[in-house]
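As a plain string of letters, each chain reads:
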Amino acid sequence: MSVAEEMRVLLTEAFAPARLAIINDSAKHSGHMGDDGSGESHFTIEIDAAAFAAMNRLARQRAVIAALGDIVGQRVHAVAIKAGVPEE
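Predicted model, so just to flag it, every value in this text is computed and none were measured.

A. Molecular detail of the packing of helix α1 (residues 3-15) against helix α2 (residues 57-67). Running from N to C, α1 and α2 point in directions that differ by 120°, and their axes come no closer than 9 Å. In this view, α1 runs oblique relative to α2, as classed from their interaxial angle. Crossing handedness for the pair α1 and α2: right-handed. Each of Leu10, Leu11, Ala14 and Phe15 in α1 lies in contact with α2, whose residues at this interface are Ala63, Val64 and Ala67. Here the contact of α1 with α2 is built from residues that sort into seven nonpolar, no polar and no charged.

Set out below in structure tokens:
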């Protein structure tokens, strides 16, 4: 399973999102710091879930990172997170 697919499974299980997009930005960072040559080193996650309603922006980002376990920082160099609620 690719890292992107693994992230999709983990985030779907954790938040049951109304919208989830996982964008692989690794090609934009080829040859830069953190590029391990795997083609799966940099991602953007766009996620809308009702579970984020009571959270501020920072709490939402922390919740997403926590749901991803060891992926961020160990297996993926960088993740940009855009987390919201469906009504926003």
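From this point on, the discussion continues.
B. Structural context of the pattern of salt bridges. Enumeration according to the criterion identifies five salt bridges in this entry. Of the charged contacts in the structure, one is a salt bridge between arginine 19 and aspartate 48, with a shortest N-O distance of 3.1 Å. Of this pair, arginine 19 sits in strand β1 (residues 19-24) while aspartate 48 sits in strand β2 (residues 42-48), placing them 29 residues apart in sequence. What makes arginine 19 partly exposed here is its relative accessible area of 38%. Among the salt bridges present, the one from aspartate 70 reaches arginine 75, with a minimum N-O distance of 3.3 Å. Relative accessible area serves as the criterion here: at 38%, aspartate 70 is assigned to the partly exposed category. Note on arginine 75: relative accessible area 33%, which makes it partly exposed.

C. Spotlight on the environment of serine 41. For serine 41, the location among the structural elements is in the loop between β1 and β2. It is 8.1 Å that separates the C-alpha atoms of serine 41 and asparagine 24, two residues lying 17 residues apart in sequence.

D. How the structure looks around the nonpolar core. By size, the foremost hydrophobic cluster in this structure holds 19 residues, and its most contacted members are Met7, Leu11, Phe15, Ile45, Ile47, Phe52 and Val64. At the level of secondary structure, the elements contributing two or more residues to this core comprise α1, β1, β2, α2 and β3 (78-84). The greatest single-element share of this core, amounting to four residues, is contributed by α1. Dropping the residues within four chain positions of it, isoleucine 47 is found in contact with Leu11, Phe15, Pro17, Arg19, Leu20, Phe52, Val64, Lys82, Ala83 and Gly84.

Calculation criteria
- Residues numbered from 1 in each chain as written.
- Predicted model: local features only at pLDDT ≥ 70, side-chain atom pairs only at ≥ 80, totals over all residues.
- Heavy atoms only, no water.
- Axes fitted to C-alpha atoms, helices over the stretch in contact; angles between N-to-C directions.
- Helix = DSSP H or I, 4+ residues; strand = E, 2+ residues; numbered from the N terminus.
- Parallel < 35°, antiparallel > 145°, perpendicular 65-115°, else oblique.
- Left-handed = near helix turned anticlockwise from the far one by under 90°.
- Contact = heavy atoms within 4.5 Å.
- Nonpolar A, V, L, I, M, F, W, Y, C, P; charged D, E, K, R; others polar.
- Salt bridge = Lys/Arg side-chain N within 4 Å of Asp/Glu carboxyl O.
- Buried < 20%, exposed > 50% of the residue type's maximum accessible area, 1.4 Å probe, protein only.
- Core = buried A, V, L, I, M, F, W, Y, C linked by side-chain atoms within 4.5 Å.

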